[in-house]
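# Structural features, examined
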Amino acid sequence: MELEILVFQCEQRHFGVETHFVREVLRAVSLTPVPKAPDGVMGLVNLRGHVMPVLDTKQLLGLGNAKIRTTDHLIVMRVGCCEIAWHVDHAVDLIRVRSDDNTGGNTADSETTAEGDHARSETSPSPRFLRTVAKTQLGVVQVLDPTRLYSENAMKDVLELAASVVATEYTS
């Protein structure tokens with residue numbers, strides 16, 4: 001099975017997300033802070049009248065906390081029933097990889113290989129967040145599954161935040 005992924009960088013490491021989740025990629029903008037926001041929420045952004053939470057991808061991946069810089073990107077995605085934005089250092093490229101669903105092995109052209117847990121470092125995301133791991137011309141790319149990154153309760157909190165009247169008032 002072939003996957004098209006958007007490759008992005010966090011802390012000089014390559015990650016990816018399947019493009020069917022991605023709505024658009026934007027340069028980072030100033031965010032509206034939200035008091036008492038759930039962990040991992042950096043703030044809110046008003047994108048053409050639609051308020052959405054911006055999540056700290058580095059924190060979610062265990063790579064520390066991020067601060068918004070003008071060179072950073074926001075990856076706007078639809079995950080389940082909501083739109084969210086991931087803050088990343090840099091959106092790099094769109095690439096295609098092949099994934100063998102039967103074996104868990106992965107291929108991108110002839111260069112992609114599966115990486116086992118033994119290759120995981122302390123700063124690697126939990127295996128439950130990974131869709132696949134691919135070795136590409138960019139190096140090793142850990143393809144994340146955004147539906148697995150959030151517990152049901154955490155996503156509910158983020159959705160409520162984005163939809164709340166308070167959130168809308170903050171971004172007006």
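See above for the structure.
The rules we used
Residues numbered from 1 in each chain as written. Predicted model: local features only at pLDDT ≥ 70, side-chain atom pairs only at ≥ 80, totals over all residues. Heavy atoms only, no water. Core = buried A, V, L, I, M, F, W, Y, C linked by side-chain atoms within 4.5 Å. Buried < 20%, exposed > 50% of the residue type's maximum accessible area, 1.4 Å probe, protein only. Helix = DSSP H or I, 4+ residues; strand = E, 2+ residues; numbered from the N terminus. Phe/Tyr/Trp six-rings, centres within 6.5 Å; stacked < 30°, edge-to-face > 60°.

Judged by nonpolar contacts, the single largest core of 21 residues is most densely connected at Phe8, Phe15, Val17, Ile75, Met77, Trp86 and Leu144. Going through the elements one at a time, β1 (2-10), β2 (13-18), β6 (73-79), β7 (82-88) and β10 (130-136) are the ones with two or more residues in this core. For this core, the leading source of residues is β7, giving four residues. The next biggest cluster of nonpolar side chains, apart from the first, holds nine residues, and it includes Leu31, Val45, Val54 and Ala85.

So, about the packing of aromatic side chains. As enumerated under the stated definition, the model contains two aromatic pairs in all. For the pair phenylalanine 8 and phenylalanine 15, a centre-to-centre distance of 6.0 Å together with 25° between the ring planes defines the contact as stacked. The exposure class of phenylalanine 8 is buried, given its relative accessible area of 0%. Residue phenylalanine 15 is classed as buried on the basis of its relative accessible area of 0%. Both rings, one in phenylalanine 8 and one in tryptophan 86, keep their centres 5.9 Å apart while their planes meet at 70°; by these two values the pair is edge-to-face. Here phenylalanine 8 is found in strand β1, whereas its partner tryptophan 86 is found in strand β7, with 78 residues between them in sequence. Per residue, the accessibility class of phenylalanine 8 equals that of tryptophan 86, and both read buried. Three or more aromatic residues joined by ring pairs make a cluster, and in this case those are Phe8, Phe15 and Trp86.

As far as function goes, none of this settles anything; it's purely spatial.
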